[in-house]
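Listed below, chain by chain, are the residues.
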Amino acid sequence: MIFKYLPIFIMALCLLATGALRSAAAEPPSADSIRAVRITGVISPTIADFITKQLEEANRLGQKGFLLELDTPGGLDTAMRSIIQAMLGSRTPVIVYVAPSGARAASAGALITLAADFAAMAPGTNLGAAHPVAIGAGEKEGESAMMSKVVEDAVAYARSIAQQRGRNVEWAEQIVRKSISTPAEEALKQKVIDLIAENEQELKTKLDGRVYQRGGQEFVLKTTGVELEFMEMNWRQKILQTISHPNIAYMLMMLGILGIFFEISQPGSIFPGAIGAIALLLALFAFQALPVNYVGMLYILLAVVLFILEVKVVSYGLLTIGGILSLTLGSLMLMEDTNPYMRISWPVIAATVAVTSALFLLVLSFVVRTQKKRFVSGAEGMAGEQGKAVTDIDGEGRVFVHGEYWNAFSRERISEGETVEVIRLGEKMRLEVKKAEPPP
């Protein structure tokens, strides 16, 4: 069996080896360059891992600087802190550039910008709105004290970063407490950022000769003639970043549930169960980067239980209706956030619930239809078969049923040649029979 998949395995190894050779053959970045990454979208654990690894590499190679070009609506607090920690511990100077025009560095992006050695913005960009958002079941009345502690912690964190980098401490507090957002020109006036640049070339020109500090010593950043080397995510990071999108994570979870349900309802099919398990694990990975409401997840699991119970319990469709309602409510509650980028879109929910419910109902209809079918083989399949009495049956005798001669017994007397009907297959391979009802 394993040899069937051996060619596929060999091809996969060849592809991986080819990718590794290409990576090894690629020209290494020069130390006389600025390593740069361009981030657009939510700050997720995958993004944080990518940025921190690139920053570590810039430090290892002793490159002139590290440029983070940013356009983000925000992201997870843990991912943000991981990036900021790497930035504050970097020997290589870190430049954060909010660009291009029309971009923003909101929420987590604002604090990352504050943590840079040199903060820059393109004209027409904005910065701020860093009030923390509760992740989970949503803020309740009894949780207000806890949320207050979260806000105070975020305020202290923002102030400490601004103070360490010599930026406007009061502004840093206000973006957390009041979620204020500031355009580039105003941010420069309030000493939140260091400069405004139209493009990367102008950014390099304006950065040349600027001073930054490390360990109490001053260093001068030289950018004249220095090239920007933009780095891209590898295939693994791109895949993980893609599945962290709320819509993708939600559909992966539903695919996983469907696959496992098919495997349970039709044991031995293997493929649906394997695909379902993989999809479910990918969804669970994605959920760590998303504001998941676990009550919504429980509603979805309840829907699956109700669909399964429909097979066992005669509910005249009530359990099915309950399952569809539970699935819909769970999907709506699964991700609750004030930010649109952290929510599942309504069309995706409607389409997924409709398709999932239809597939559940289709499978259940096949299961119910199979259970109601009469047995056509085995001991149970003999019940109801008709034949003829070969001998008189007075307690015991012989019958011809289903093209075969059988020993038979009956609770009533049956004459030779009469039509008989099998009641069951008894012990010692003897048929219990009775006189067949005459046709109407």
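Our subject is the structure that appears above.
Not measured: the values here are computed from a predicted model.

**Q** Mind showing me how you'd approach the sheet that holds strand S1 (residues 33-40) here?
**A** Each strand in a sheet pairs with its neighbour through backbone hydrogen bonds, running either in the same direction (parallel) or in the opposite one (antiparallel). Strand order in this open sheet of six strands is S8-S5-S3-S2-S1-S11, and the pairing throughout is parallel. Edge strands, defined here as strands with exactly one partner in the open sheet, are strand S8 (195-196) and strand S11 (227-230). As judged from the four bridges shared by S1 and S11, these two strands associate in the parallel manner. Counted as the bridge partner of Arg35 is Glu229 from S11.

**Q** It is not clear to me how unusual backbone geometry should be interpreted in this structure. Could you clarify?
**A** For residues that are not glycine, phi is negative in most cases, and the peptide bond is trans in most cases. At the junction of Ala99 and Pro100, the peptide bond is cis and its omega measures out at 0° in the coordinates. Looking at where Pro100 falls in the secondary structure, it is placed in the loop between strand S3 (94-98) and strand S4 (104-106). One non-glycine residue, Ser107, adopts positive backbone phi at about 50°. Positionally, Ser107 belongs in the loop between S4 and helix H4 (108-114). Residue Ser107 is classed as buried on the basis of its relative accessible area of 17%. With phi around 60°, Lys191 is a residue other than glycine that occupies positive phi space. Tracing the backbone through its elements, the reader meets Lys191 in the loop between helix H7 (184-189) and S8.

**Q** What's the story with the sheet that holds strand S13 (residues 396-401) in this structure? I'm lost.
**A** Ordered in space as S12-S13-S14-S16-S15, the five strands form a closed barrel in which the pairing is mixed. With direction set aside, neighbouring strand axes in the sheet form an average angle of 55°. Pairing of strand S12 (residues 386-389) with strand S15 (residues 419-425), which is carried by three bridges, proceeds in the antiparallel orientation. Residue Gly387 lies in a different strand from S15, and its bridge partner there is Val420.

**Q** It is not clear to me how the packing of helix H2 (residues 45-61) against helix H3 (residues 77-88) should be interpreted in this structure. Could you clarify?
**A** Relative orientation and spacing of two packed helices are given, respectively, by the angle between their axes and the distance between those axes. Two elements in contact, H2 and H3, have axes separated by 8 Å at closest approach and are oriented at 10°. With respect to each other, H2 and H3 are oriented roughly parallel. Judged by residue contacts, Pro45, Ala48, Ile51, Thr52 and Leu55 of H2 engage Ala79, Ser82, Ile83, Ala86 and Met87 from H3. Taken together, the residues of the contact of H2 with H3 break down into eight nonpolar, two polar and no charged.

**Q** It is not clear to me how H3 should be interpreted in this structure. Could you clarify?
**A** Every α-helical turn comprises 3.6 residues, leaving residues that sit three or four positions apart pointing alike. In this model, H3 (12 residues) spans 16 Å end to end at C-alpha, consistent with the 16 Å of a helix rising 1.5 Å per residue. Of the positions making up H3, those classed as buried are Ala79, Met80, Ile83, Ile84 and Met87. Down the axis of H3, the sector holding all buried residues measures 130°, keeping them to one side. Exposed side chains of H3 directed beyond 90 degrees from the buried face belong to Thr78 and Gln85. Where H3 is buried, its residues contact H2, S3, H4 and helix H5 (144-164).

Reading guide: rules and limits
- Residues numbered from 1 in each chain as written.
- Predicted model: local features only at pLDDT ≥ 70, side-chain atom pairs only at ≥ 80, totals over all residues.
- Heavy atoms only, no water.
- Pairing = 2+ DSSP bridges.
- Helix = DSSP H or I, 4+ residues; strand = E, 2+ residues; numbered from the N terminus.
- Buried < 20%, exposed > 50% of the residue type's maximum accessible area, 1.4 Å probe, protein only.
- Axes fitted to C-alpha atoms, helices over the stretch in contact; angles between N-to-C directions.
- Parallel < 35°, antiparallel > 145°, perpendicular 65-115°, else oblique.
- Contact = heavy atoms within 4.5 Å.
- Nonpolar A, V, L, I, M, F, W, Y, C, P; charged D, E, K, R; others polar.
- Expected span 1.5 Å × (residues − 1).
- Arc of directions from axis to C-beta.

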